[in-house]
Amino acid sequence: MKSINFRYDLLPLKDKLFRLALRITLDTAEAEDVTQDTLIRVWEKRDELHDLKSLEAYVLTVGRNLALDRSQKREAANISLDETEADAPDNALRADERMEHEERLRRVHEIFNRLPEQQRTAMQLRDIEGKAYKEVAEIMGITEENVKVTLFRARKAVKMEYEKIENYGL
């Protein structure tokens, strides 16, 4: 691997790293700290990283481990995810439809945040970040089969909880 350039190699990974840290810590400030600490640690070890297959996988692994360490030190409280521009409702929707859409989205975020850490991380990496099973396994330090099982259970839990709320209002 060529020498690592902070601006072109590490900086583009900061958003993915932040999203992963946020899913684990459930705290924006903590996720920002994890992102910064990860980038600093990787930058300080840049001379030792010439044999890496994937710098991105390495950075996300370091970030995941830091986030897990920090979240284990203090009990993280669930936060509501703020709407992003990508989540903005379609302007063609009527006001009542838009409110329903926003409520459903809020419910899914709450359900997602209540999942165990490993399931949240797997879903974040695979379903939201679009990583391959192999990359997710490498980042999380588990086998590809375990990633698939974890994702199946996470998706099933989200679906069942969502259906329970939709059907019974619980």
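In what follows, the structure referred to is the one given above.
Definitions and cut-offs
- Residues numbered from 1 in each chain as written.
- Predicted model: local features only at pLDDT ≥ 70, side-chain atom pairs only at ≥ 80, totals over all residues.
- Heavy atoms only, no water.
- Helix = DSSP H or I, 4+ residues; strand = E, 2+ residues; numbered from the N terminus.
- Buried < 20%, exposed > 50% of the residue type's maximum accessible area, 1.4 Å probe, protein only.
- Contact = heavy atoms within 4.5 Å.
- Phe/Tyr/Trp six-rings, centres within 6.5 Å; stacked < 30°, edge-to-face > 60°.
- Lys NZ or Arg CZ within 6 Å of the ring centre and 35° of its normal.

**Some remarks on the environment of Asp69**
- If you trace the backbone, Asp69 turns up in helix 4 (residues 55-73).
- Residue Asp69 is classed as partly exposed on the basis of its relative accessible area, which comes to 41%.
- Sequence separation between Asp69 and Thr25 is 44 residues, and the spatial gap between their C-alpha atoms is 9.5 Å.

**Digging into the environment of Tyr133**
- Looking at the element boundaries, Tyr133 is found in helix 7 (residues 133-140).
- For the pair Tyr133 and Ala122, spaced eleven residues apart in sequence, the C-alpha to C-alpha distance is 9.2 Å.
- Apart from the residues within four sequence positions on either side, Tyr133 is in contact with Arg126, Glu144, Val147, Lys148, Leu151 and Arg155.

**Looking at the packing of aromatic side chains**
- Applying the stated criterion to the full structure yields one aromatic pair.
- Residues Phe6 and Trp43 carry aromatic rings whose centres are separated by 5.5 Å and whose planes lie at 80° to one another, so their mutual orientation is edge-to-face. With Phe6 in helix 1 (residues 6-10) and Trp43 in helix 3 (residues 28-44), the pair connects residues that are 37 residues apart, well separated along the chain.
- Look at Phe6 and you get partly exposed, because its relative accessible area is 31%.
- Across from the ring centre of Trp43, 4.0 Å away, lies the NZ or CZ of Arg46, which sits over that ring.
- We note Lys148 situated over the ring of Tyr133; from NZ or CZ to the ring centre the distance is 5.2 Å.

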